[in-house]
Amino acid sequence: MAIPQERLEVVVDDDGAVSISAAEVARLGVRAGEHLQLVRSHNAAVRRKRKKVRGVLVGRFEPTALLTREDFDATHKSNIEAAERKYGATS
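Please read all numbers here as calculations on a predicted model, not as lab measurements.

Student: What exactly am I supposed to notice about the overall build of the protein here?
Tutor: The helix and strand tally for the protein stands at 2 helices and 0 strands. Taken over 91 residues, the protein has a buried fraction of 0%. Of the roughly 9600 Å² of accessible surface on the protein, a fraction of 54% belongs to carbon and sulfur atoms.

Student: Any chance you could explain helix H2 (residues 69-87) here in plain terms?
Tutor: One turn of the α-helix equals 3.6 residues, which is why residues spaced by three or four share an orientation. With 19 residues, H2 ought to run about 27 Å at 1.5 Å a step, and its terminal C-alpha atoms sit 27 Å apart, in line with that. Downstream of H2 by one or two residues, Gly88 has phi in the positive range, about 95°.

Student: Can you walk me through the pattern of salt bridges in this structure?
Tutor: Any two side chains of opposite charge can pair, so long as their charged atoms come close to each other. This structure, assessed with the given rule, holds 2 salt bridges. Linking Arg69 and Asp73 is a salt bridge whose minimum nitrogen-to-oxygen distance equals 3.3 Å. Highlighted residues: Arg69 and Asp73, both in helix H2, separated by 4 residues, approximately one helical turn.

Student: Would you explain the environment of Asp15 in this entry?
Tutor: With respect to the helices and strands, the residue Asp15 is situated in the segment before helix H1 (22-28). Engagement of the side chain of Asp15 in a polar contact is seen with the backbone nitrogen of Ala17, the distance being 3.1 Å.

Here is what the cut-offs are and how they apply
Residues numbered from 1 in each chain as written. Predicted model: local features only at pLDDT ≥ 70, side-chain atom pairs only at ≥ 80, totals over all residues. Heavy atoms only, no water. Helix = DSSP H or I, 4+ residues; strand = E, 2+ residues; numbered from the N terminus. Buried < 20%, exposed > 50% of the residue type's maximum accessible area, 1.4 Å probe, protein only. Areas by Shrake-Rupley, 256 points an atom, 1.4 Å probe, with all protein chains shown as cover. Expected span 1.5 Å × (residues − 1). Salt bridge = Lys/Arg side-chain N within 4 Å of Asp/Glu carboxyl O. Polar contact = N/O pair within 3.5 Å; in protein donor to acceptor, adjacent residues only side chain to side chain.

Encoded structure:
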């Protein structure tokens, strides 16, 4: 007697990792410690190459208008003060 197979689609990341959402696992009724078998599909999708985006924002805006040195220094000082209040001053 053949056990009906349920379909579960996963995508393998560039580093070889496979992740399955908790909802998918729950839908299958899989319990902790159970083993799942992955079988490669014959009609696997062709992997598309990533579009290169390096440099697409060059010339789109003036960087100096976004953050001045004074803004950076004020934020930096504020962050240091907040960290010292939370964790205590260093030296």
